[in-house]
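Understanding the architecture of this molecule
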Amino acid sequence: MTGSYDHKIDDKGRLFIPSELRRELGEVFHVTISNEDCLTAYSNESWERFLEKVRAMPIRKQPKMRPFFSNAARCELDKQGRFLLPQKLRERIGLQKDVAVVGLGTVVQFWDSEMFRQINEQETSKENLADVMDELDF
C-alpha cells in the first residue's frame, strides 16, 4: 500500500479510504494505535498474521500487546468507501478534521494532516533519504 491522500473526517466520524488503498486493505480491517503519533489499519490478513505472532509469544509476554488490542477497532467500509473511525481512537492522537491517509507497505496509517506534513518534510530531506538508502544497501 503506497501513497498519501488528504481527506476529512465528516461530522459523523467517518473517513474515506481511497480506492488505491481499499483494494489491498479490504472491506473489513482493524485499526489500532501505533508506536508513532498516528493510527494504523491492518487488513484482515495482516491482522491474522499479527495475532499468530502474539499467540506464539510466551504467555507471560503477551500482556505487552494489550495496548494494541484494547485500543483496536474492527472497521467496515460502507458503499461510499468510508468507515467510522471510533472517537476514542481519534481523541487518542488528536485527529480533528484533516487527515493524511498514508500507505506504508503492508498497513495504512492515519495522521493529523499538519503533523504528517511536518514529518514528511523531515523524512524526505536529502540527508535522511541518503541514510535510508545506505541502510537498505541501495
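Residues numbered from 1 in each chain as written. Predicted model: local features only at pLDDT ≥ 70, side-chain atom pairs only at ≥ 80, totals over all residues. Heavy atoms only, no water.

Structural notes on the overall build of the protein chain
The helix and strand inventory of the protein chain stands at 6 helices and 8 strands. Taken against the 2.2 N^0.38 rule, which gives 14 Å for 138 residues, the C-alpha radius of gyration of the protein chain at 16 Å falls within 12% of a compact globule. The dimensions of the protein chain, computed from C-alpha atoms along their principal axes, are 45 × 40 × 25 Å. Looking at the protein chain residue by residue over its 138 residues, the buried ones come to 37%. (Helix = DSSP H or I, 4+ residues; strand = E, 2+ residues; numbered from the N terminus. Rg over C-alpha atoms; globule rule 2.2 N^0.38 Å. Buried < 20%, exposed > 50% of the residue type's maximum accessible area, 1.4 Å probe, protein only.)

Topic: the packing of aromatic side chains
When we look at a pair of aromatic rings, we describe it by the centre distance and by the angle of the planes. Scanning the entire structure with this criterion turns up 9 aromatic pairs. A ring pair is formed by Trp-47 and Phe-69, whose centres lie 5.5 Å apart and whose planes are at 70 degrees; its orientation type is edge-to-face. Note that Trp-47 is positioned in helix 2 (residues 44-56) and Phe-69 in helix 3 (residues 66-70), a separation of 22 residues in sequence. Ring geometry for Trp-111 against Phe-116: centres 6.2 Å apart, planes inclined by 45 degrees, an arrangement best described as tilted. Each member of the pair Trp-111 and Phe-116 is classed as buried. Three or more aromatic residues joined by ring pairs make a cluster, and in this case those are Tyr-42, Trp-47, Phe-50, Phe-68 and Phe-69. (Phe/Tyr/Trp six-rings, centres within 6.5 Å; stacked < 30°, edge-to-face > 60°.)

Remarks on the pairing of strand 8 (residues 107-112)
Counted residue by residue, strand 8 has 5 buried out of 6 residues, so it is predominantly covered. When strand 4 (residues 39-43) meets strand 8, the two strands line up antiparallel, connected through 4 bridges. In the strand pairing of strand 8, Ala-41 is matched with Val-108. (Pairing = 2+ DSSP bridges.)

Brief notes about the nonpolar core
Counting residues in each nonpolar core, the largest one holds 23 residues, and the members touching the most others are Val-31, Leu-39, Phe-83 and Phe-110. Elements supplying a minimum of two residues to this core: helix 1 (19-25), strand 3 (28-33), strand 4, strand 5 (73-76), helix 4 (87-93), strand 7 (98-104) and strand 8. At 3 residues, the largest contribution of residues to this core is made by strand 3. Trp-47, Val-54, Met-65 and Val-107 belong to the second largest nonpolar core, which has 7 residues in total. (Core = buried A, V, L, I, M, F, W, Y, C linked by side-chain atoms within 4.5 Å.)

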